[in-house]
Amino acid sequence: MTDERCRIGLVLSAGGLRGAAHLGVVRRLAAEGVSVDVMVGVSAGAVIAGYYAAVGLTIDEMLADATVFKGRHLVAHSFAVRVPTWCRPLVNPFAGVIPSRLGQLEASRFDRLHHGVSAIGVVCHDLTHDCPRYLATGDDGGVRLYDAVATSAAVPDMFAAQPIRYRGEVSEFTDGGVSDALPVGFAEAAPLAATHIIASDCRSRGEGLEDTERLIYLRPSLEDTRTLKAPKESLLKAVEAGEATVTDDVLARIRAWERAPEAAGR
């Protein structure tokens, strides 16, 4: 047994608009004072992780966005990125909060984080080589965090794949959910090296995970929220559903990790 400190990783899955449930998970953990060292996100999860850990938005600010966000804003944004630059000011007003939030993300970095998070990871899919790319604090492959989050959340058929220079070679990157929609192994591996994992799974399909001594698996009930279509009240219900998965039993397990990380994991 060593004196290694418990290093909690929060993994946020893909899921489109269903990813609003991740906000509820983060809100509940923050309210209970749970220290999250590592945040990993893919697609919708990358957006939540990026704006919380890298931009530094508060949960209240992100929830305020959820109350005004509509699926048509995403459609308008997908159109805006395809038109000539001079046309974008005409289209951006129809994209809601997306343009202004993207401006904030532009200034973010893998090594400048907030809310006590010490490392962040984002998954993108490399179409050129047909494989996932794992970009993290300490090993970002030369990719800006803005590009990582934007391409990780680039829903196929809505957004064109983007040329990204990764480790000196340009490849076409797109939605990370194509290849690894719930990247638990990424969070556990170096350089992120989380010792214990909380996995929030907002996918509409896909096999779940079994809880282990070092893994807590959360899957919110999101019957009213579709991947790309959801009324405002559905998004707020999704937030509440995510919060509801962090039960007293879940918190008790996390407290056990924090008190005796090595004993809890063996």
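Residues numbered from 1 in each chain as written. Predicted model: local features only at pLDDT ≥ 70, side-chain atom pairs only at ≥ 80, totals over all residues. Heavy atoms only, no water.

## As for helix 1 (residues 20-31)
Okay, so step 1: Helix length check: helix 1 (twelve residues) gives 17 Å between terminal C-alpha atoms against 16 Å at 1.5 Å per residue, within 8%.
Okay, so step 2: A large share of helix 1 lies buried, amounting to nine of its twelve residues.
Okay, so step 3: Those residues of helix 1 not exposed but buried are A20, A21, H22, L23, G24, V25, V26, R28 and L29.
Okay, so step 4: Downstream of helix 1 by one or two residues, G33 has phi in the positive range, about 75 degrees. (Helix = DSSP H or I, 4+ residues; strand = E, 2+ residues; numbered from the N terminus. Expected span 1.5 Å × (residues − 1). Buried < 20%, exposed > 50% of the residue type's maximum accessible area, 1.4 Å probe, protein only.)

## Topic: the pattern of salt bridges
Okay, so step 1: Under the defined criterion, the tally for this structure stands at 14 salt bridges.
Okay, so step 2: The shortest N-O distance in the salt bridge between R133 and D126 comes to 2.9 Å.
Okay, so step 3: Judged by its relative accessible area of 0%, D126 falls in the buried class.
Okay, so step 4: A salt bridge links D139 to R167; its shortest N-O distance comes to 2.8 Å. In this pair, D139 sits in the loop between strand 4 (131-136) and helix 7 (145-152) while R167 sits in the loop between strand 5 (162-166) and strand 6 (169-174), placing the two residues 28 residues apart along the sequence.
Okay, so step 5: On the basis of relative accessibility, which here comes to 29%, the residue D139 falls in the partly exposed class. (Salt bridge = Lys/Arg side-chain N within 4 Å of Asp/Glu carboxyl O.)

## Here we look at the packing of helix 2 (residues 44-55) against helix 7
Okay, so step 1: Relative to each other, helix 2 and helix 7 sit at 155 degrees, their axes nearing to 9 Å. Our classification of the angle between helix 2 and helix 7 gives roughly antiparallel. Of the residues in helix 7, those touching helix 2 at A46, V47, G50 and A54 are L145, V149 and S152.
Okay, so step 2: Grouping the amino acids of the contact of helix 2 with helix 7 by side-chain chemistry returns five nonpolar, two polar and no charged. (Axes fitted to C-alpha atoms, helices over the stretch in contact; angles between N-to-C directions. Parallel < 35°, antiparallel > 145°, perpendicular 65-115°, else oblique. Contact = heavy atoms within 4.5 Å. Nonpolar A, V, L, I, M, F, W, Y, C, P; charged D, E, K, R; others polar.)

Honestly, it's all geometry; don't read function into it.
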